[in-house]
Amino acid sequence: METMNFARIEPLNDSNYGIWSMKIEALSDAKDLFEDVIENEEPKIKENGPESIREHKAWSKKNKEAMGILVLSLTAEQTIIYKGINKAKDIWNEIKLRFEGAVEERKIDLMLELTSLKNHRAKASMNT
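Quantities reported herein were computed from a predicted structural model and do not represent experimental measurements.

**Q** Sorry if this is basic, but what is going on with the nonpolar core here?
**A** What tends to happen in soluble globular proteins is that the nonpolar side chains get buried as a cluster. The biggest cluster of nonpolar side chains holds 22 residues, and the ones touching the most others in it are Leu 12, Trp 20, Ile 24, Leu 70, Ala 88, Trp 92 and Ile 95. In contact with Leu 70, not counting residues within four places along its chain, are Trp 20, Ile 24, Ala 88, Ile 91 and Trp 92.

Given below as structure tokens:
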């Protein structure tokens, strides 16, 4: 695998999904993997179709590379969660499902906290 600086991609955690996903998508896109493997379906092998066999082999190679990028950007605990999944697209979608929901919940919590602080500040200024 070519060396693209993985040191700049912090492992996925509960607070960095947005930036993590942007970096992984950019790295995968730079290697022509994102569209072919993450966004599209695995090509079917047609009987007596040497072209479809070549396409599937090319896709399989790209899938392995995309899997490598994803797995190397996860913690050991996260890697175990996705161990049985053999398509980069499926891992990507599982991570997205798990972490995008958490990000939205965190945004709601922060908005409620901000509203509460504003209300508290308004009450405090009325009492002075």
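Next comes the rest of the account.
**Q** Would you take a moment to explain helix H1 (residues 17-30) for this structure?
**A** Since the α-helix advances by 3.6 residues per turn, residues separated by three or four positions end up pointing in the same direction. In this model H1 runs 20 Å from its N-terminal to its C-terminal C-alpha over 14 residues, within 8% of the 20 Å that 1.5 Å per residue would give. By the burial criterion, the buried members of H1 are Tyr 17, Trp 20, Ser 21, Ile 24, Leu 27 and Ser 28. Viewed along the axis of H1, the buried residues span an arc of 135°, placing them on a single side of the element. Among the exposed residues of H1, those pointing more than 90 degrees away from its buried face are Met 22 and Ala 30. A positive phi of about 55° marks Asp 32, the residue just after H1.

**Q** How do you make sense of the pattern of salt bridges when you look at a structure like this?
**A** Once their charged atoms are close, side chains differing in charge can pair, the charge on each being opposite to the other. Taken as a whole and assessed by the stated rule, the structure comprises five salt bridges. Linking Lys 62 and Asp 36 is a salt bridge whose minimum nitrogen-to-oxygen distance equals 2.3 Å. Of the two residues, Lys 62 sits in helix H3 (residues 50-72) while Asp 36 sits in helix H2 (residues 34-39), which places them 26 residues apart along the sequence. Given the relative accessible area of 26%, Lys 62 is considered partly exposed. Look at Asp 36 and you get partly exposed, because its relative accessible area is 30%.

What counts as what
Residues numbered from 1 in each chain as written. Predicted model: local features only at pLDDT ≥ 70, side-chain atom pairs only at ≥ 80, totals over all residues. Heavy atoms only, no water. Core = buried A, V, L, I, M, F, W, Y, C linked by side-chain atoms within 4.5 Å. Buried < 20%, exposed > 50% of the residue type's maximum accessible area, 1.4 Å probe, protein only. Contact = heavy atoms within 4.5 Å. Helix = DSSP H or I, 4+ residues; strand = E, 2+ residues; numbered from the N terminus. Expected span 1.5 Å × (residues − 1). Arc of directions from axis to C-beta. Salt bridge = Lys/Arg side-chain N within 4 Å of Asp/Glu carboxyl O.

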